[in-house]
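These are the residues of each chain, in order.
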Amino acid sequence: MSAAADKPRLSRAHVLDLLKQMIRIRRFEDKCAELYTREKIRGFLHLYDGEEAVAVGVIPVLEKRDRVVATYREHGHALVRGVPMTAVLAEMYGRLEGCSRGRGGSMHLFDHASNFYGGNAIVGGGLPLAAGLALADRMRGEPVVTACFFGEGAVAEGEFHESLNLAALWGLPVLFVCENNLYAMGTALALSESETDIQRKAACYRIQAEAVDGMDVVAVEAAGRRAVHAVRETGKPYFLECRTYRLRAHSMFDAQLYRDKAEVEAWRLKEPIVRFQGWLEANRMIHADDLVRIEAEIAAEIAEAVAFAESGTWEPLDQLTRFTYADKAA
Amino acid sequence: MSAAADKPRLSRAHVLDLLKQMIRIRRFEDKCAELYTREKIRGFLHLYDGEEAVAVGVIPVLEKRDRVVATYREHGHALVRGVPMTAVLAEMYGRLEGCSRGRGGSMHLFDHASNFYGGNAIVGGGLPLAAGLALADRMRGEPVVTACFFGEGAVAEGEFHESLNLAALWGLPVLFVCENNLYAMGTALALSESETDIQRKAACYRIQAEAVDGMDVVAVEAAGRRAVHAVRETGKPYFLECRTYRLRAHSMFDAQLYRDKAEVEAWRLKEPIVRFQGWLEANRMIHADDLVRIEAEIAAEIAEAVAFAESGTWEPLDQLTRFTYADKAA
Amino acid sequence: MATAQAKAQTIEITYREAVREAIRDALKRDDRVFLMGEDVGRYGGCYAVSKGLLAEFGPERIRDTPLSESGFTGAGIGAAMAGMRPIVELMTVNFSLLALDQILNTAATVRHMSGNQFGAPVVIRMATGAGRQLAAQHSHSLEGWYAHIPGIKVLAPATLDDARGMLWTALQDPDPVLIFENVMLYNMTGKLAADAGPVDIDKAVVRRAGKDISLVTYGGSLWKTLQAADALAAEGIDAEVIDLRSLRPLDDATVMASVSKTRRAVIVDEGWRTGSLAAEICTRIVEQAFWELDAPVGRVCSEEVPIPYPRHLEEAAIPQAPKIIAAAKAALGRA
Amino acid sequence: MATAQAKAQTIEITYREAVREAIRDALKRDDRVFLMGEDVGRYGGCYAVSKGLLAEFGPERIRDTPLSESGFTGAGIGAAMAGMRPIVELMTVNFSLLALDQILNTAATVRHMSGNQFGAPVVIRMATGAGRQLAAQHSHSLEGWYAHIPGIKVLAPATLDDARGMLWTALQDPDPVLIFENVMLYNMTGKLAADAGPVDIDKAVVRRAGKDISLVTYGGSLWKTLQAADALAAEGIDAEVIDLRSLRPLDDATVMASVSKTRRAVIVDEGWRTGSLAAEICTRIVEQAFWELDAPVGRVCSEEVPIPYPRHLEEAAIPQAPKIIAAAKAALGRA
Ligand SMILES: Cc1ncc(C[n+]2csc(CCOP(=O)(O)OP(=O)(O)O)c2C)c(N)n1
Ligand SMILES: Cc1ncc(C[n+]2csc(CCOP(=O)(O)OP(=O)(O)O)c2C)c(N)n1
Ligand SMILES: [Mg+2]
Ligand SMILES: [Mg+2]
């Protein structure tokens, strides 16, 4: 898959972990889709199917003190960052035990403990936020990296432009990770950008950039490592374009009129889990029972999450307007 | 001043006209400044002193059917475009006879007859508008050019980014003219843009671009001609950066703490009128009595405008809320 | 407009289809009309309103835009100023905040500040409202808030007739018109005259006549209010239900006529309570009909909280029939 | 807070200087505080509020921003979420529309939608109001409009004490606070206690006691209202003048106490009439003190027009003492 230079880190434990994290997201989201049709999960549900290598490649490279800003398609990011699956699923059920106390739902997973700053349902809305988080770190002289994930659709928004300029101008330690899955809902990249080579956008702000095959978890990880390292060393922003593809619908309401089944099928052949697994098999880095174990562990984790969410409680109605503002100090 | 290739068009009549237009703006605005201190003109007043070569170089190249979108620093643009000086000054007095019926003032000069779409006091606000005007022309297949003027400060705004992308993506016949005078109020370019070579911004959207010495009216005109020609031929946008300098304060309220007097004085040596006049004299294209005549004509025009504005009338109070909406059809 | 006879012939139709028919009709009748917005074309519209129109009218007139709310709304305004009649779809009111500068500082001001030389006859449509468990950033009801802005008109079609009929009239208006379609109505089915056409956009309508109390509302809340009125009827309270239809300008006459008759009023409005449109209507009643009031005007609005995700909290956050019933009874001293 | 004795020592100061002192004081007291916005540094602030602060605190803490209202407001919100205490200056409310998405969809919602894990203790200051002949795009008074948004607080300092004292208290607030400074007040001069410090930000204040009618207002209109009260006094009408100070939350108790005493009220508010804060206050009076009212509540707001440039039209467009006087007399049946 990737260049020899990156291979040293590929211990068996490590590659199995990469694989497991991707499968974990996939299986979890398959369960979410099922729970959605069973109306356990409501609202909008955006699946990450096909894009798992991005979160799995980048997020584990971050340190605990670093910060993550994501979008409404963020289940994978939350899980990889360490938000417990129980709390994520309970959130999607709207339970008090959810990671956002049930108030946010699928699009607003937050977790203070892991510096996970959401879950933003406004396309592009997370970018200024990420710049601000990084500004705080910069002003305090803390070598913290803020990783900001967003889709290629967000690139057309004014907030993208303003945030990249601010980050470059002020030297803010933001890792901008563009998940370029070629579509913004039903709008193909060529219909939203006059320059479709997204990583080139960064140069307009004098930000260092790289594009990587987002279906190759090893390549993403290597690029992620370079990127995080660069941000931490220089204190300056870095732009990483991950070229990927969304294999499922945009959300559960999407008839996918805008693309051919054949295109989706062609991409399915490149999808990150099968591809990585095949490569591991070819290189004899994985055994059949590894997979069995991984699947079993994940199944158990999901079962536990479902049980947790199912047995969760509802916020009492008299708490409705709470948290509009902070509770008054006692 | 400029290359030999551009000289053929430099008939004596033409160069005298260029010179006259620049002096006309300068003298008019000098009068405005005086009238401002006499409180005849109120609100904000933004002078174009030093930047006249831009409007004078670009606007006459446009045809009657073309459209112009400007900013709050637009007296020069309005005058060159053919809005009568009487109507412009009456507007600044707030008179009913003003080009916007007195309701707009200095920052909102409008003129339907000359397709002059304002006068916009929101930095960057005119750019989407220009894209839309051009969209209408494109959809109707009319070979009309929309020239949109804005300062380099506007480049940081999200609306700049969104508008350039739309124009490039949809092939809209907009001539974007950036008046880069190095400051946005008191903010130097290097404090507002991580990439200070402004014309390079256009490439991010695959828009053809050129930078020109905005203090050289002949060079601006030549570039303007190329640009307008390109837009009309291709139907696509074009980006022209005019490098210029504002010799006066941002507005009448500005103590200019942000720049040295020496810097201003250095730029004063390059200012477009003296420079062009000197060049014309050196090339014996102008006589002393030409200047006398020009000044006399302009003085007469200004005197007439002042008289017109002074004798103008006030909109009756009972008309206050009129034009919030169109009058009801009778 | 539809005659009484023609009304005999009706078709079964959804609100979504009624809006689509209105757009199709406008595109057919006027070359200057086009639809632009995110995913209006290939995707078929985020709420499937424009499904099929791309195939029928092509990508120039069913124009997919990048995610650039300020840019393309401004472009719609500019195109309108240059003589076109764009219908800008802003997907949902939640994203319209990104376009607010263009709406307030350009569209709403340009006629006035140009001394009546330029106008912006653009129609801006968007979905509004909560009820789909979309949480804090996707559930705003800001139509009443927009009604604060002089220079624009604000419509809230609640019925199939209005969904079908308001668009064309709005397109004839020389000034910008915002149309808010409540998300909960798109699937609503009902009968519409086969030849339904344009309707006026300046009159409120009494949707249910009654003599005991006036319930004033609009949009998605109309149906909850009618439901409440039925329940009240069962308890012997005869409520009159007024559908404002236009939130700016407001048709005071219809409201005052009703209140003068019933002497009591409750306003139902999905906006947050403080600074709601309901407050404006209450204030107008006080200004114009104070001496006719037999009780304080009541209001049923959304609670002062970003809309929460869980169903029970979301339901409790926005107006519902039981709250309307309770407010009506309170106004009648029967709490 | 200032004691009675200390008040004896006063200094002559402008409103502008009072705001500057508040900023300077906050910068000195708390390392986490910094000021960011367009031209706050080298230029000295568009209304010269921050003049001199760059030299004193340096460019990191007096941070000039590019023209990117959404970007830098969002950055301020983010910095606040990460533990800083930014003061974001949005120059004027007119440009704040470009930042509204960040204010409403992020700052106002993040505490709630994160289930109380994150808050945004940012202070956003901006100039507001008409009166300087700046015409349609530069004369908005939208503070009352902002007061519609749950999750933020909205302040309108009208006095030197409040200009000096509200900022620090706002910075201690765990939630976003917007401070609106009326442009016409910056040059206002008066006496301020030498040791003036923080003030509360949740109580309305009776600026003039009276028994015949309650005039409720805030910000720039306070002074016109006090002027009107003086004129009314000359005609034997004893008006009570209430300065709301905080527009969200509203201090209902102070208003109701006054209205219960005077039984009549007029609200003075520079926002456009329809959907004004005045409507909200009128409605609350109706809801909470209807039976104590002897006359309909009046309101004096801005006319429904983008503010025109000429002085005579601008003056006629916004509230003025004569209109307040007339409204008060009307409420007293002495029109
Ligand atoms: C400002 C804004 N406009 C529109 C939407 C509706 N919307 C939600 S997701 C989406 C597409 C975003 O595409 P992209 O950024 O590529 O992310 P992806 O969904 O492909 O991961 C749109 C248009 C929104 N949420 N926010
Ligand atoms: C959106 C917005 N933000 C801020 C302002 C205040 N303002 C007026 S002019 C100006 C500077 C603009 O600089 P530039 O675009 O370079 O134009 P110049 O004045 O130099 O011609 C600023 C900040 C404004 N009018 N609009
Ligand atoms: Mg995408
Ligand atoms: Mg400039």
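Use the structure listed above.
Keep in mind the model is a prediction, meaning the values are calculated, not measured.

Trainee: Just checking my understanding: could you explain the interface of chain A and chain C for this structure?
Mentor: Where the parts come together, the accessible area they lose is often given as the size of the interface. Residue-level contacts link 41 residues of chain A with 34 residues of chain C. Taking both sides of the interface into account, the surface hidden between chain A and chain C amounts to around 3,000 Å²; carbon and sulfur atoms contribute 65%. Its largest share of buried area at the contact with chain C, chain A owes to Arg42(A), Met185(A) and Leu320(A), together 19% of the area lost on that side. For the pair chain A and chain C, the number of links is zero salt bridges. Run the count over chain A and chain C and you get 11 residue pairs in polar contact (both at pLDDT 80 or more). Looking at the side of chain A that touches chain C, the elements with two or more residues in it are helix H4 (85–93) and helix H7 (189–192) of chain A.

Trainee: For this particular structure, what's the right way to read empty space enclosed by the protein?
Mentor: To find the voids left in a structure, one rolls a probe of water-molecule size over its atoms. Reported here for the largest cavity is a volume of approximately 130 Å³. Lining of the largest cavity is provided by 14 residues; of these, Glu162(A), Glu162(B), Leu98(C), Ser70(D) and Leu98(D) occupy positions nearest its centre. Elements represented by at least two residues in the lining of the largest cavity include exactly helix H6 (158–170) of chain A together with helix H6 (158–170) of chain B. Within the lining of the largest cavity, the residues separate by chemical class into four nonpolar, four polar and six charged. One number sums up the size of the second largest cavity: a volume of about 80 Å³. As for the second largest cavity, its lining consists of 16 residues, and the residues nearest its centre are Tyr47(C), Gly129(C), Leu134(C), His138(C) and Val183(C). Of all the secondary-structure elements, those providing two or more residues to the lining of the second largest cavity are helix H5 (93–96) and strand S5 (123–128) of chain C. Broken down by class, the residue content of the lining of the second largest cavity amounts to six nonpolar, eight polar and two charged.

Trainee: Please explain the sheet that holds strand S14 (residues 298–302) of chain C as it appears in this structure.
Mentor: Pairing between sheet strands relies on hydrogen bonds along the backbone, with the strands arranged either parallel or antiparallel. Residue and element names in this part refer to chain C. In space, the five strands of this open sheet follow the order S9-S11-S10-S13-S14, with mixed pairing throughout. Looking along the sheet, the strands with just one partner apiece sit at the ends: strand S9 (205–208) and S14. In this sheet, adjacent strand axes meet at a mean angle of 25° when their direction is disregarded. Relative to strand S11 (residues 239–243), S9 runs antiparallel, the two being bridged by three bridges.

Trainee: How do you make sense of the site of ligand 1 when you look at a structure like this?
Mentor: Taken together, 22 residues are adjacent to ligand 1, and Tyr72(A), Arg73(A), Ala121(A), Asn181(A) and Glu69(C) come closest. The environment of ligand 1 is shared, with nearby residues belonging to chains A and C. Here an oxygen atom of ligand 1 sits 2.8 Å away from a polar atom, N or O, in the side chain of Asn181(A). Tyr183(A) has a polar backbone atom sitting 2.8 Å from an oxygen atom of ligand 1. When ligand 1 is considered free in solution it has 580 Å² of accessible area, and contact with the protein chains removes 97% of it.

Trainee: Teacher, can you tell me more about the coordination of the magnesium ion (ligand 3) here?
Mentor: Ideal coordination angles are 109.5 degrees for a metal with four donors arranged tetrahedrally and 90 or 180 degrees for a metal with six donors arranged octahedrally. Residue and element names in this part refer to chain A. Here the magnesium ion (ligand 3) is held by Glu152 (OE), Asn181 (OD1) and Tyr183 (O), and the distances to it run 2.1 to 2.2 Å. Here the donor residues of the magnesium ion (ligand 3) share one chain and are spaced in sequence as E-x28-N-x1-Y. A residue pair is termed long-range when its members are at least 10 positions apart, and glutamate 152 in the loop between strand S2 (146–151) and H6 and asparagine 181 in the loop between strand S3 (174–180) and strand S4 (183–184) qualify at 29 residues. Across this residue pair, the class does not change: glutamate 152 and asparagine 181 are buried.

Trainee: Please explain the side chain of Ser114(D) as it appears in this structure.
Mentor: One can find Ser114(D) in the loop between helix H7 (110–113) and strand S5 (123–128). Given the relative accessible area of 0%, Ser114(D) is considered buried. Within the structure, the side chain of Ser114(D) is placed 2.7 Å from the backbone oxygen of Val110(D), a separation counted as a polar contact. Side-chain polar atoms of Ser114(D) contact the backbone nitrogen of Phe118(D), separated by 3.1 Å. Those residues in contact with Ser114(D) that lie beyond four places of it in its chain are Cys99(A), Ser100(A) and Phe110(A).

Trainee: Any chance you could explain the state of the cysteines here in plain terms?
Mentor: Each disulfide consists of a covalent bond between the sulfur atoms of two cysteine residues. Throughout the structure, instances matching the rule amount to one disulfide over all chains. Here Cys148(A) is not disulfide-linked; the sulfur of Cys178(A) is the nearest cysteine sulfur, at 10 Å.

Trainee: Teacher, can you tell me more about the environment of Ala184(A) here?
Mentor: All names here are of chain A. The residue alanine 184 is located in strand S4 in this model. The exposure class of alanine 184 is buried, given its relative accessible area of 14%. The spatial distance from the C-alpha of alanine 184 to the C-alpha of isoleucine 122 is 13 Å, given a sequence separation of 62 residues.

Trainee: Looking at this structure, I do not really get the interface of chain C and chain D. What am I missing?
Mentor: With 48 residues of chain C at the interface, the matching set in chain D holds 48 residues. For the pairing of chain C and chain D, the buried interface totals around 4,500 Å² over both sides, and the portion due to carbon and sulfur atoms is 65%. Counting across the interface, chain C meets chain D through eight salt bridges. Residue Glu287(D) is joined to Arg299(C) by a salt bridge in which the shortest nitrogen-to-oxygen separation is 2.6 Å. The tally of links between chain C and chain D comes to 25 residue pairs in polar contact (both at pLDDT 80 or more).

Trainee: Help me out: how do you make sense of the relation of the copies chain C and chain D in this one?
Mentor: Relating the two copies of this chain is a rotation about some axis coupled with a shift parallel to it. Between the two copies, chain C and chain D, the superposition gives an RMSD of 0.0 Å; the rotation angle is 180° and the shift along the axis is 0.0 Å. Overall, the copies show the geometry of a two-fold rotation axis. Same-surface contact between copies: 100% of interface residues of chain C are shared with the interface of chain D.

Trainee: Can you help me understand the nonpolar core in this one?
Mentor: Taken as a class, soluble globular proteins show a tendency for nonpolar side chains to be buried jointly. Core analysis: the largest hydrophobic core is formed by 185 residues, its most contacted members being Tyr146(C), Ile285(C), Tyr146(D) and Ile285(D). Leave out the neighbours within four places in its chain, and Ile285(C) touches Val255(C), Met256(C), Val259(C), Ala265(C), Ile267(C), Phe290(C), Leu293(C) and Val297(C).

Trainee: What is the right way to read the packing of aromatic side chains from this model?
Mentor: Each aromatic ring pair is described using two quantities: the centre-to-centre distance and the angle formed by the ring planes. Applying the stated criterion across every chain, the model contains 36 aromatic pairs over all chains. With a centroid separation of 4.7 Å and an interplanar angle of 5°, the aromatic rings of Tyr245(B) and Trp267(B) are classed as stacked. One end of the pair, Tyr245(B), is in the loop between strand S7 (238–243) and helix H10 (261–268); the other, Trp267(B), is in helix H10, with 22 residues separating them in the sequence. A relative accessible area of 0% places Tyr245(B) in the buried class. On the basis of relative accessible area, Trp267(B) is assigned to the buried category, the value being 16%. Ring pairs connect the aromatic residues Phe150(A), Phe160(A), Phe176(A), Tyr205(A) and Phe239(A), which therefore count as one cluster. Arg95(A) extends its terminal NZ or CZ atom over the ring of Trp314(A), reaching a point 4.1 Å from the ring centre.

Thresholds applied
- Residues numbered from 1 in each chain as written.
- Chains lettered and ligands numbered in written order.
- Predicted model: local features only at pLDDT ≥ 70, side-chain atom pairs only at ≥ 80, totals over all residues.
- Heavy atoms only, no water.
- Contact = heavy atoms within 4.5 Å.
- Buried area = accessible area lost by both parts, 1.4 Å probe.
- Salt bridge = Lys/Arg side-chain N within 4 Å of Asp/Glu carboxyl O.
- Polar contact = N/O pair within 3.5 Å; in protein donor to acceptor, adjacent residues only side chain to side chain.
- Helix = DSSP H or I, 4+ residues; strand = E, 2+ residues; numbered from the N terminus.
- 1 Å grid on protein atoms, 1.4 Å probe; cavity = no way out; pocket = protein on both sides within 12 Å on 5 of 7 lines; lining within 4 Å.
- Points joined across faces, edges and corners; volume = space filled by probe spheres on them.
- Nonpolar A, V, L, I, M, F, W, Y, C, P; charged D, E, K, R; others polar.
- Pairing = 2+ DSSP bridges.
- Axes fitted to C-alpha atoms, helices over the stretch in contact; angles between N-to-C directions.
- Near = heavy atom within 4 Å.
- Areas by Shrake-Rupley, 256 points an atom, 1.4 Å probe, with all protein chains shown as cover.
- Donors = N, O, S within 2.8 Å, 3.2 Å for Na, K, Ca; no water.
- Buried < 20%, exposed > 50% of the residue type's maximum accessible area, 1.4 Å probe, protein only.
- Disulfide = S-S within 2.5 Å.
- Least-squares fit on C-alpha atoms with pLDDT ≥ 70 in both.
- Core = buried A, V, L, I, M, F, W, Y, C linked by side-chain atoms within 4.5 Å.
- Phe/Tyr/Trp six-rings, centres within 6.5 Å; stacked < 30°, edge-to-face > 60°.
- Lys NZ or Arg CZ within 6 Å of the ring centre and 35° of its normal.

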